[in-house]
Amino acid sequence: MIDLHAHTNESDGTFSPVELIDAASHTGVTVLGITDHDTFAGYDQALPHAREQGIELICGIELSTKFGGQSVHLLAYYLDGCPTESRIWIDEMQASRDERNVRLIECLRKGGIAITLEEVRAKGRRMAGRPHFAQVLVEKGYVATIQEAFDKYLDKSAPYHVDRDEPQLVSCIERVRDQRGITSLAHPCRLKGDLNGILPELCRHGLNAIEVYHSDHTAMQTEQFFQLAERYGLGITGGSDFHGAVKPDIKLGSGRLGNLKIPSDLLVSLRDSVHGHK
């Protein structure tokens, strides 16, 4: 079983890197991509244990970017071959997250919401983000659920939302390409607008793949994205987007209620594209 999209507690998941590898071994996932948000820390910690368990661990990351006025997530794989250059860039992205968190705390405080940055950081450590804000809001009784925290305080449409200074999607695609990594457009079902109007530009700048298989995709959407990949000559990636207890209905390797079935030849094609790219 293959799963190329999973998160540890080094970003917004709840499983430690070692726990995630153990879960992969238990569920029969033999190839795992750790794609934490804007950090390689989970991958670094998991790698020795993955080798012990006989799991092929693919170095991945999920980058938060902007395109056409909306937030777009970009998956990048195989950046472990040039760690120094990649990690300097990622450190800069982490700094923008920290700055946003400070502004978000100030905004919440002005609205009478008494939470502190220290409380949020205790949940998310170096990668504290909105899910960790949500956890604190639940624990302090401001909301009953994580979803309510987002709806009421944290989502774009919420009155307390604070934007991050995110890099442009096109520049991230180009940067990953220059570092000989592979890029894939994450969970395309969440993008607003016609993908036929978006993909040609992204392909011109070097986008390699699209995440066809994802827990949020219906069977119809999966087929639609598969056809778009064929139309624009893109590779295919897929993964559960596993977060542990944050998204308890999503299981590693099999997605939401078993809706994820990633074909084994997907990895062969991805490896071929990596070899051709490098």
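What comes next is a walk through the structure. (Residues numbered from 1 in each chain as written. Predicted model: local features only at pLDDT ≥ 70, side-chain atom pairs only at ≥ 80, totals over all residues. Heavy atoms only, no water.)

## As for the overall build of the protein
- Counting its regular elements, the protein contains 10 helices and nine strands.
- C-alpha atoms of the protein, sized along the principal axes, occupy 55 × 45 × 40 Å.
- Within the span of the protein, comprising 278 residues, buried residues form 53% of the whole.
- Put simply, of all contacts in the protein between residues at least 6 apart along the chain, 70% involve residues at least 24 apart.
- In the form shown here, the protein has an accessible surface area of approximately 12100 Å², with 51% of it arising from carbon and sulfur atoms.
- Of the side-chain charges in the protein, 30 are positive and 39 negative, and the distance between the mean point of each set is 3 Å. (Helix = DSSP H or I, 4+ residues; strand = E, 2+ residues; numbered from the N terminus. Buried < 20%, exposed > 50% of the residue type's maximum accessible area, 1.4 Å probe, protein only. Contact = heavy atoms within 4.5 Å. Areas by Shrake-Rupley, 256 points an atom, 1.4 Å probe, with all protein chains shown as cover. Lys, Arg positive; Asp, Glu negative; His and termini not counted. Charge placed at Lys NZ, Arg CZ, Asp CG, Glu CD.)

## Some remarks on unusual backbone geometry
- One non-glycine residue with positive phi stands out, namely Asp38, at about 60 degrees.
- Topologically, Asp38 is positioned in the loop between strand E2 (31–34) and helix H2 (41–53).
- A positive phi angle, near 25 degrees, is found at His187, a position not held by glycine.
- Examined against the element boundaries, His187 turns out to sit in the loop between strand E5 (182–185) and helix H8 (195–204).

## Some thoughts on the sheet that holds strand E7 (residues 235–239)
- Strand order in the open sheet made by the seven strands is E1-E2-E3-E4-E5-E6-E7, with mixed pairing throughout. Each edge of the sheet is formed by a strand with only one pairing partner; in this case those strands are strand E1 (2–6) and E7. If you compare each strand with its neighbour and ignore which way they point, the axes differ by 35 degrees on average.
- Here H2 sits on the sheet in contact with E2 and strand E3 (56–67), set at roughly 165 degrees to E3. (Pairing = 2+ DSSP bridges. Axes fitted to C-alpha atoms, helices over the stretch in contact; angles between N-to-C directions.)

## Quick word on the pairing of strand E4 (residues 70–77)
- In terms of burial, E4 is largely enclosed, as seven of its eight residues are buried.
- Bridge analysis of E3 against E4 gives eight bridges, and the strand direction is antiparallel. Within the sheet, the bridge partner assigned to Phe67 lies in E4 and is Gln70.
- Counting the residues between successive antiparallel strands, the hairpin from E3 to E4 contains two residues, one of them, Gly68, with a positive phi of roughly 55 degrees.
- Inspection of the sheet shows E4 paired to E5 by four bridges, in the antiparallel sense.

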